[in-house]
Amino acid sequence: MDADLHPNAGLESVHGAASRWSLEDARAIYELPFNDLIFRAQTVHRRNFDPNRVQLSRLLSIKTGGCPEDCGYCSQSARHESGLTATKLMDLRRVLVEAKKAREAGATRYCMGAAWRSPKDRDMDAVVAMIEGVKELGMETCMTLGMLDLGQAQRLKQAGLDYYNHNIDTSERYYNEIITTRTFADRLDTLANVRDSGIKVCCGGIVGMGEEKADRVDMLVTLANLPEPPDSVPINMLIPIKGTPLGDAEPIEPIEFVRTIALARIMMPNAHVRLSAGRTAMSDEMQALCFFAGANSIFVGETLLTAENPEEDKDSALFRRLGIQPMERAAL
């Protein structure tokens, strides 16, 4: 049957920011024959983006380790025996040196992450200075600092922050299997504070943590049904880290990962869908399928916070083979 004649064809066309996705509709699309699903996702992608441009971001850990949360995937939790040494908040000058290197390498967005449950008031001045300094370099700015109250979010907005990352990680049903020190509702509250402050939301999740297929679909339904879908949706493939509760997790089957990317693109057509953690374990062919399914953003650089990431020359070689160009820096 032709994809356009499939009984579920066009479901995404009736869904937008003002309407809600049902689990049934999302599951029906996720479970389409693979060729139909990828064709649908690429069609949606081409309506909204240049299919041969990918946005490049760089991620820097400005404060590593010692986090009081118990996220089962994270090497930075003080509760896990991952061997990671905690550090203090990075000096502003070093942050700006690294940001300049990222800009020179083609990154248009600079993301900074601190291993906190939430930032303390004494840390805000330094964080604000980092945002202002990176903005002066002509780059988009993104922070991930844990939970925020509305006042903190408003202060980050005043400093010029463009994006705030706060992932929901998985479905509400499976959430307590991964994290017990903060609730799913806590995550949604921070997203509301970020959105209400006028900062763009960057929010996605992690797959390959032992969740079921239905959990991956449910996670994307939650994101698509937010009052405003996220502007950026990072889809991470778990990197099992020794010493964490998920250190021995079985990897997700590659086709299932690509299906997740495709569904994210269809349900959130205007978002940058980011192929995030886990790319070191992906073949070039798997990454190519992800780009064809609608992924149009990646992290560049040798590390993602504390995990390995493909080296820049490897990404450049893959881009050359696929005819992909870096997305140009947005006007600020």
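Residues numbered from 1 in each chain as written. Predicted model: local features only at pLDDT ≥ 70, side-chain atom pairs only at ≥ 80, totals over all residues. Heavy atoms only, no water.

A.B. asks: Explain the pattern of salt bridges here, please?
C.D. replies: Where side chains of opposite charge bring their charged atoms close, a pairing between them can arise. Under the defined criterion, the tally for this structure stands at 13 salt bridges. For Arg 109, the salt bridge identified is with Glu 140, shortest N-O distance 3.1 Å. One end of the pair, Arg 109, is in strand E2 (residues 109-114); the other, Glu 140, is in strand E3 (residues 140-144), with 31 residues separating them in the sequence. On the basis of relative accessible area, Arg 109 is assigned to the buried category, the value being 1%. Among the residues examined, Glu 140 registers a relative accessible area of 9% and is labelled buried. A salt bridge links Asp 125 to Arg 155; the shortest N-O distance between them is 2.3 Å. (Salt bridge = Lys/Arg side-chain N within 4 Å of Asp/Glu carboxyl O. Helix = DSSP H or I, 4+ residues; strand = E, 2+ residues; numbered from the N terminus. Buried < 20%, exposed > 50% of the residue type's maximum accessible area, 1.4 Å probe, protein only.)

A.B. asks: Help me understand helix H8 (residues 213-224) in this model?
C.D. replies: Helical periodicity: at 3.6 residues per turn, an α-helix aligns residues three or four positions apart in one direction. The end-to-end C-alpha distance of H8, which contains 12 residues, comes to 17 Å, matching closely the 16 Å that a straight helix rising 1.5 Å per residue would cover. Counting buried positions along H8 gives 10 out of 12 residues, so the element sits mostly inside the fold. Structurally, H8 contributes buried residues whose contacts are with helix H1 (23-30), helix H6 (172-175), helix H7 (184-197), strand E6 (205-207), strand E7 (232-237) and helix H9 (254-267). (Expected span 1.5 Å × (residues − 1). Contact = heavy atoms within 4.5 Å.)

A.B. asks: I tried to follow the pairing of E2 on my own but got confused; where do I start?
C.D. replies: Side chains on a regular strand alternate between the two faces of the sheet. Taken across its six residues, E2 has six buried, putting it largely inside the fold. Neither face of E2 is left uncovered, since the one carrying Arg 109, Cys 111 and Gly 113 and the one carrying Tyr 110, Met 112 and Ala 114 both have all their residues buried. Sheet topology note: the E2/E3 ladder contains five bridges and is parallel. When the sheet's bridge partners are listed, Met 112 is paired in E3 with Met 143. Once the chain exits E2 it traverses helix H4 (residues 121-136) before rejoining the sheet at E3, and the crossover so formed is right-handed. (Pairing = 2+ DSSP bridges. Right-handed = clockwise from strand over helix to strand, strands pointing away.)

A.B. asks: Any chance you could explain the environment of Ser 232 here in plain terms?
C.D. replies: With respect to the helices and strands, Ser 232 occurs in strand E7. Taking the relative accessible area as the measure of exposure, Ser 232 reaches 0% and is therefore buried. As a C-alpha pair, Ser 232 and Tyr 163 span 69 residues in sequence and 8.5 Å in three-dimensional space. Excluding residues that lie within four positions of it along the chain, Ser 232 makes contacts with Arg 109, Tyr 163, Val 201, Cys 202, Cys 203, His 272 and Arg 274.

A.B. asks: So what exactly am I meant to see when it comes to the side chain of Ser 57 here?
C.D. replies: Structurally, the position occupied by Ser 57 is in strand E1 (residues 53-63). Within the structure, Ser 57 has its side chain in polar contact with the side chain of Gln 55 (distance 2.9 Å). Each residue touching Ser 57, except ones within four places of it in the same chain, is listed here: Ala 107, Arg 109, Cys 111, Arg 274, Ser 297, Ile 298, Phe 299 and Val 300. (Polar contact = N/O pair within 3.5 Å; in protein donor to acceptor, adjacent residues only side chain to side chain.)

A.B. asks: Where do I start with helix H3 (residues 92-104) in this structure?
C.D. replies: Here H3 spans 19 Å end to end across 13 residues, near enough to the 18 Å set by a 1.5 Å rise per residue. Of the residues making up H3, those classed as buried are Val 95, Ala 99 and Ala 102. Projection of H3 onto a plane perpendicular to its axis shows the buried side chains occupying an angular sector of 60 degrees, all on one side. Exposed side of H3, more than 90 degrees from the buried face: Arg 93, Arg 94 and Glu 104 are the residues found there. Buried residues along H3 sit against E1, E2 and H4. With a side-chain oxygen positioned 2.9 Å from the backbone nitrogen of Arg 93, the residue opening H3 is Asp 91. Looking one or two residues past H3, Gly 106 carries a phi angle of roughly 105 degrees, positive in sign. (Arc of directions from axis to C-beta.)

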